Each structure stands twice: as C-alpha cells, then as structure tokens.
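The residues making up each chain are set out below.
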Amino acid sequence: MNIAAGILAVIVAALLQLAVMPAFSIFGVHPNLIIVLLIAWMATRGPQEALVMIPVAGFAVGLLDSQPLGLAMLALAPLTLMTNVRELRLVESDLLPAVVLTVVATLVYETVILLSLAVRGERPEWVESILDVLVPAAIVNALVLLPVFGLIRLGSLDLRRQRAF
Amino acid sequence: MHVRTRTWFAFVVVAALLLLLGSRFGVFEPLESAAGAVASPVESALGAATRPVADFVNNLTDVNRLTDENRDLQEENERVIAELSRLQDVDRELQQLEELVAVRGNREADQFLRANVFAREPNNQQDLVAIDRGKADGVRDDMLVLTRQGSLVGSVSRALEHTAWVRLITDPASAVSALIQESRVQGVVVGAADGTLTMEFVEETADVKEGDLVTTSGVGGRHPPGELIGQVVEAERAAQELFQRVRVQPLADLATLESVLVLTSFLPLDPGSP
C-alpha cells in the first residue's frame, strides 16, 4: 500500500460514511469511519501517508456533507498533531495508543462541529450533546477501530517486513 | 513535536479556514453540486447494497424478516393514522366548517415531487438527509418534505443544483409550530441530540393524553397547518412548572427513510416579512 491507496481508501471511506454508516446505530450514534481509518492508518503505517490523507479526507467529506466546505477539514486538522504519538513509543503496542487517539480525535472532531453550530446560531444543547453523542461516539469509534486496524495491519505486512530488515 | 508537523497543522488549518470563507460566499457551490451529482448514484448503490448488513447489525436476532415486517407495519400504521387524522378533520368540518377552511387549506392543489434519500449527514450532532432532487427540479430552501404516507419529515435546509439537504424534524435545530389535534392546544415541537421530539410551551393545565395526534399549526407561516407530525407518548406535569413536557413519537421512521415527497406548492413565509 502507498499514498495513492491511502487517498483511494479515504475517498471510499467518505462515500461509505455518508451512505452506509448512518444505517448503523450503535449506542444511538453512527461510527465515524474517516477518523477510524486515519488513526488506524497512522498507527500501522506511520505518519507520512496519514499527513497527506488528513486534509484529503477533510476535503472529500466537506464536498459531500451538508456542512460548509472546510469544516470537516478543520475538525480533522488536530489529527495531524497526533501523528507523532506513534514515534514516541510510550508503549510497545501500536493498538493501545491508536485506541486512545481515536477517543481523543472523536471528542475533538465532535466538539469542533458543536462549536461551529454554536457560531452559526444553532444553540446546541451542550450537556446532552456531550452525554448522548460525544461519549458514545468516542466509545463506538474505539470499538470500530479494532477490525479496521486489523485489516490495515494485514495489508501492511510488506511494509512491516521492510522495516524489520 | 516536530516542526514539520506543526507547520503541516498550520497549513491544514489555514486551508480549512480559506475554504470556509469561500463557502460562506458560495464560491464552492458549483463544485459541491457537481460532487453531489456524481456521488449520489454511488451512495445510493452503496446504501442499498449494505442495508441488509446494517439491518443485521441493528437487529441481531431474526434479522431481515422482522425488520421488513416492522417497516411494513410502521408504514401501514402511518397510513391508517393519516387516514384517521383525515377523517377526524372531515368530522370537524361538519361541526366547525369555518375554522376548518382555515386549517385544511387547499390540499387538492398541492404539488409534490418524489425524491430518494441517498445519504445522511455524517456527524452525530445533526439529523439531515440528502435527496436526489435539487434546484434544477424546482426544489428550494425551506420547502416542506413529507413521507409518502403524508407525515412531516422536515424541510429543505440547503438546495444544490441536483441534490438537496433536508433538516429532519428530529434535528436539534428544528422547531415546528404545532398543535394537539384533539384539544387544539398549541406548542412548538423541537428535536434533540438523541433523536427524540419534544413539544414545548404546552400549558401545564392543557389536556394532553398519550396517543393524541400532533400536527403542524401553521402559526408563523413556516409550515402549512394540518401536516401530521407524530403521536404523544408521554406528558410530564411538574408541580412548579408553567409548561408540561410532552414527548412526541414521529409517525415516520426517520432513521430508515428511503424516499420522500417534497411539497413544492407551499412556500414558507419569510420570517422577516410582515
């Protein structure tokens, strides 16, 4: 896999996010495949490809969703700051930091959306949104990360072999 | 943290802000319209192909049969309730002809445009669906959207050239002037982040019962009167409160909408107009 595969994966994920993911309601929320894909990609394949995929994902989602173009990119931008966590090697596992990052990235993403709604005068219910949306969404995305992480890791065997030698 | 990462973060943020600025002035609308037009058939196909999987995940026991059966029953129930509602209106016509003329309006002259739902807003804060009809088909912002059975779905929040976004009544930013059909008590039906509906500003002394039908009141001119919204499922009265808290169940299953009707013959009043 390479950057082209990453960009293709992001575009497919954006289409799936709008057309398919809303049909899956877990704890009352829909999984965010884009966040999960980006975190799983950076955790298994390193930051280089993920850094390019993040703005592409934001642009692709922005083109397709109902929000102003640029909002999804802004909400995903903090993920660029998370790409170095893997290099810190705080723990031996790649999966554990990815789970934590998914939770953090989801909270940040949904908070940016909430803030944008507040800026546009929609007066969101903060407490309800945090309890009914942010927390469940973070848990659901962390759960969805597990199979996505496994799939990308499986597809990155060549890269891991190269690194091993 | 690497300088490279910080620089890239700054670049992405600046690019996002520039895009936001451009979209505020409608610069990217042609691009978004084109993307929507290209993506909508793909999204429709993806949605249709994966619906059984979604049904399976959402109903882990006796999967498709129960789901289909439930959907059919819900549609049938909606049809029956709509018919009952219509008959109740007709009955009231006999008793209160003058009032009813104002309530029912000119239904026969209404024109509808059928549209398919092909996508939903991906964030969890809002409840919007995308339909495959847009300005080119006569869809305009704020037009009402109904189910095929005739109950209220929401209103068009953003019409693009060939597609449009519809804000569902369950969206937290949705507010619909409503009344309880039996008692004619008025209020405002609002959505919430958890996808439920609440009727607000219902006086504490008002007669509200479980099962009462809730329709649009027409107050404010944003919706025509008499459109079905849902049924009362709970009315909470607190001793110290001025208003009751009335929970309303939408008649339509808004989570699994596949096709809708856009009411093209009713244009809401501009809030700023006298």
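What comes next concerns the included structure. (Residues numbered from 1 in each chain as written. Chains lettered and ligands numbered in written order. Predicted model: local features only at pLDDT ≥ 70, side-chain atom pairs only at ≥ 80, totals over all residues. Heavy atoms only, no water.)

Digging into the overall build of chain B
Scanning chain B for helices and strands turns up four helices and 12 strands. Expressed as a percentage of its 274 residues, the buried residues of chain B come to 43%. Of the contacts made within chain B by residues no fewer than 6 positions apart, 57% connect residues no fewer than 24 positions apart. For chain B, the exposed surface amounts to about 13,800 Å²; the carbon and sulfur share of it is 56%. (Helix = DSSP H or I, 4+ residues; strand = E, 2+ residues; numbered from the N terminus. Buried < 20%, exposed > 50% of the residue type's maximum accessible area, 1.4 Å probe, protein only. Contact = heavy atoms within 4.5 Å. Areas by Shrake-Rupley, 256 points an atom, 1.4 Å probe, with all protein chains shown as cover.)

Observations concerning the overall build of chain A
Counting its regular elements, chain A contains nine helices and zero strands. When the helices and strands of chain A are read in sequence order from the N terminus, they spell out α-α-α-α-α-α-α-α-α. For the C-alpha atoms alone, the extent of chain A along its principal axes is close to 55 × 30 × 30 Å. Each of the 165 residues in chain A was classed as buried or not, and the buried ones make up 56%. Within chain A, residue pairs in contact and separated by at least 24 positions form 72% of the contacts whose partners lie at least 6 positions apart. Total accessible area on chain A is roughly 6,800 Å²; 72% of this is exposed by carbon and sulfur atoms. Mean positive and mean negative side-chain charge positions of chain A (9 and 11 charges, respectively) differ by 11 Å. (Lys, Arg positive; Asp, Glu negative; His and termini not counted. Charge placed at Lys NZ, Arg CZ, Asp CG, Glu CD.)

Examining a nonpolar patch on the surface
All names here are of chain A. Taken together, the side chains of Phe27, Leu95, Leu115, Trp126, Val127, Ile130, Leu131, Val135, Ile139, Leu143 and Leu146 present a nonpolar region at the surface, about 1,000 Å² in accessible area. The element that contributes the greatest number of residues to the nonpolar patch is helix α8 (residues 126–155), accounting for eight residues. Residue position: Val135 is located in helix α8. For Val135, a relative accessible area of 40% corresponds to the partly exposed category. (Patch = residues over 30% accessible without salt bridge, like charges linked within 9 Å, V, L, I, M, F, W, Y side chains within 5 Å. Salt bridge = Lys/Arg side-chain N within 4 Å of Asp/Glu carboxyl O.)

A word on the nonpolar core
Membership of the largest hydrophobic core comes to 66 residues, with the highest contact counts inside it found for Ile34(A), Leu38(A), Ile39(A), Leu76(A), Leu79(A) and Tyr109(A). For this core, the element with the highest residue contribution is helix α2 (residues 33–45) of chain A, accounting for 11 residues. Both domains that meet at this core, namely domain 1 (1–106) and domain 2 (112–263) of chain B, each give it at least three residues. Ignoring anything within four residues of it in the chain, the contact list for Leu76(A) reads Ile34(A), Ile35(A), Leu38(A), Ile54(A), Ala57(A), Gly58(A) and Tyr109(A). (Core = buried A, V, L, I, M, F, W, Y, C linked by side-chain atoms within 4.5 Å. Domains from an automatic or database assignment.)

Side note on the pattern of salt bridges
Using the criterion set out here, one finds 13 salt bridges over all chains in the structure. For Arg45(A), the salt bridge goes to Glu49(A), with nearest N and O atoms at 2.8 Å. Salt-bridge contacts for Asp142(B) lead to Arg222(B); the nearest nitrogen and oxygen are separated by 3.3 Å. Highlighted residues: Asp142(B) in the loop between β2 (128–131) and β3 (144–146) and Arg222(B) in the loop between β9 (213–216) and β10 (228–236), separated in sequence by 80 residues. Looking at Arg222(B), the relative accessible area reads 30%, which means it is partly exposed.

Looking at the interface of chain A and chain B
The interface of chain A with chain B comprises 48 residues on the first partner and 44 residues on the second. For the pair chain A and chain B, the summed buried area comes to about 4,100 Å², and 66% of that belongs to carbon and sulfur atoms. Applying the counting criterion to the chain A and chain B interface returns one salt bridge. The residue Glu122(A) makes a salt bridge to Arg167(B) at a minimum N-O spacing of 3.3 Å. Counting every contact that joins chain A to chain B gives nine residue pairs in polar contact (both at pLDDT 80 or more). Of all the secondary-structure elements, those providing two or more residues to the side of chain A that touches chain B are α1 (3–19), α3 (47–64), α4 (71–76), α5 (78–82), α7 (95–119) and α8 of chain A. For the side of chain A that touches chain B, the element with the most residues is α3(A), which contributes 10 residues. Among the residues forming the side of chain A that touches chain B, the class breakdown is 31 nonpolar, 12 polar and five charged. (Buried area = accessible area lost by both parts, 1.4 Å probe. Polar contact = N/O pair within 3.5 Å; in protein donor to acceptor, adjacent residues only side chain to side chain. Nonpolar A, V, L, I, M, F, W, Y, C, P; charged D, E, K, R; others polar.)

Overview of a negative patch on the surface
Where like charges cluster on the molecular surface, the negative patch consists of Glu125(A), Glu128(A), Asp194(B) and Glu200(B). The residue Asp194(B) is located in the loop between β7 (186–191) and β8 (197–203) in this model.

Thoughts on the sheet that holds strand β1 (residues 112–120) of chain B
Pairing between sheet strands relies on hydrogen bonds along the backbone, with the strands arranged either parallel or antiparallel. Residue and element names in this part refer to chain B. With respect to topology, six strands assemble into a closed barrel ordered β1-β2-β5-β4-β3-β12, the strand pairing being antiparallel. Strand-to-strand twist in this sheet, taken as the mean axis angle between neighbours without regard to direction, amounts to 45 degrees. In this structure, β2 lies alongside strand β5 (residues 164–168), joined through four bridges in antiparallel fashion. Looking at β5, one finds that Ala130 is bridged to Trp165. (Pairing = 2+ DSSP bridges. Axes fitted to C-alpha atoms, helices over the stretch in contact; angles between N-to-C directions.)

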